[in-house]
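Here's the letter readout for the chains.
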Amino acid sequence: KAGVTQTPRYLIKTRGQQVTLSCSPISGHRSVSWYQQTPGQGLQFLFEYFSETQRNKGNFPGRFSGRQFSNSRSEMNVSTLELGDSALYLCASSLEGNFGYGYTFGSGTRLTVV
Amino acid sequence: DQQVKQNSPSLSVQEGRISILNCDYTNSMFDYFLWYKKYPAEGPTFLISISSIKDKNEDGRFTVFLNKSAKHLSLHIVPSQPGDSAVYFCAASGSGSARQLTFGSGTQLTVLP
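Now for a look at the structure at hand.

Analysis parameters
- Residues numbered from 1 in each chain as written.
- Chains lettered and ligands numbered in written order.
- Predicted model: local features only at pLDDT ≥ 70, side-chain atom pairs only at ≥ 80, totals over all residues.
- Heavy atoms only, no water.
- Salt bridge = Lys/Arg side-chain N within 4 Å of Asp/Glu carboxyl O.
- Helix = DSSP H or I, 4+ residues; strand = E, 2+ residues; numbered from the N terminus.
- Buried < 20%, exposed > 50% of the residue type's maximum accessible area, 1.4 Å probe, protein only.
- Contact = heavy atoms within 4.5 Å.
- Buried area = accessible area lost by both parts, 1.4 Å probe.
- Polar contact = N/O pair within 3.5 Å; in protein donor to acceptor, adjacent residues only side chain to side chain.
- Nonpolar A, V, L, I, M, F, W, Y, C, P; charged D, E, K, R; others polar.
- Pairing = 2+ DSSP bridges.
- Axes fitted to C-alpha atoms, helices over the stretch in contact; angles between N-to-C directions.

## A few points about the pattern of salt bridges
Two side chains carrying opposite charge are able to pair once their charged atoms lie near each other.
Residues and elements named next belong to chain A.
Then, in step 1: Going through the model one piece at a time under the given rule, you end up with seven salt bridges over all chains.
Then, in step 2: A salt bridge links Arg 63 to Asp 85; the nearest nitrogen and oxygen atoms lie 2.8 Å apart. On the criterion of sequence distance, the pair formed by Arg 63 in the loop between strand E6 (53-57) and strand E7 (64-68) and Asp 85 in the loop between strand E8 (74-78) and strand E9 (87-94) is long-range, its members being 22 residues apart. Asp 85 carries the same exposure label as Arg 63, and that label is buried.
Then, in step 3: What you see here is one network of salt bridges that share partners, running through Arg 63, Glu 82 and Asp 85.

Structure (structure tokens):
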């Protein structure tokens, strides 16, 4: 079965712009979580969506937002980009969002802010 | 406040020997622990997990040990193979509002042939 698909794979944006990243979960998975990975920081939790509702939110500023559609596909948006937003953004899907063993990660979107 | 810590950013091991990766956590509400492996330009891949009611879980060459009193877990890889070279992330999950995965900063394992 198809895995978690993230688009685009690479993105270069200018400081102050906004960006939208997309994540298509595994068919049947209703939970989508987003993580930011930066060097030395590991993976930082952004938010989780389940059945079109944000169920959990990490400690990120309001410039980071997301949504989930009825087909479980999810998007995350970052407004007013800062240089420090340069990172690998990963999404993970699971059936119910409980316990990490059910999380399947996509390959990520590498965002570079210049 | 880092709730999951991997204090060794890197580890080098000879092929065929044992690799031991360590992880400490501070949140006593965590009840499920996992290890993920990550190659460059790929997403993390689930490796092995352990529930807080157990102290050991094995899967082939991989064994995870959990010491709840010390809030410490470790991943043992025996024997280590060059293909095991990757970044290993320790993660923990709670329940309810804490059900998301909290990751450590990762350990780069290099297995030398």
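## Let's talk about the environment of B:Gln14
Residues and elements named next belong to chain B.
Then, in step 1: Mapped onto the secondary structure, Gln 14 falls in strand E2 (residues 10-14).
Then, in step 2: Sequence separation between Gln 14 and Val 111 is 97 residues, and the spatial gap between their C-alpha atoms is 5.6 Å.
Then, in step 3: Ignoring anything within four residues of it in the chain, the contact list for Gln 14 reads Ser 80, Val 111, Leu 112 and Pro 113.

## Describing the interface of chain A and chain B
Size of an interface, as often reported, equals the accessible area lost when the parts are brought together.
Then, in step 1: Taken together, the contact between chain A and chain B spans 22 residues of the former and 21 residues of the latter.
Then, in step 2: With both chains or domains summed, chain A and chain B bury close to 1,600 Å², and 58% of this area falls on carbon and sulfur atoms.
Then, in step 3: Where chain A touches chain B, the interface holds three residue pairs in polar contact (both at pLDDT 80 or more).
Then, in step 4: If you list the elements that add at least two residues to the side of chain A that touches chain B, you get strand E4 (31-38), strand E5 (42-50), E6 and E9 of chain A.
Then, in step 5: In terms of residues, the side of chain A that touches chain B owes the most to one element, E5(A), which gives four residues.
Then, in step 6: When grouped by side-chain class, the residues that make up the side of chain A that touches chain B number nine nonpolar, ten polar and three charged.

## Examining the sheet that holds strand E8 (residues 72-77) of chain B
Residue and element names in this part refer to chain B.
Then, in step 1: The strand order across the open sheet built from five strands is E1-E3-E8-E7-E6, with neighbouring strands paired in antiparallel fashion. The open sheet terminates on both sides in strands that have one partner only, identified here as strand E1 (4-5) and strand E6 (56-59).
Then, in step 2: Bridging between E1 and strand E3 (residues 19-25) involves two bridges; their strand directions are antiparallel. Across the sheet, Val 4 pairs through a bridge with Tyr 25, a residue of E3.

## Remarks on the sheet that holds strand E1 (residues 5-7) of chain A
Residues and elements named next belong to chain A.
Then, in step 1: Read across the sheet, four strands follow the order E1-E3-E8-E7 without closing on themselves; strand pairing throughout is antiparallel. The outermost strands of the open sheet, each flanked by one partner alone, are E1 and E7. Recorded for the sheet is a direction-independent mean angle of 20° between the axes of neighbouring strands.
Then, in step 2: Relative to strand E3 (residues 19-24), E1 is paired through three bridges, and the arrangement is antiparallel.

Read these as spatial facts, not as claims about activity.
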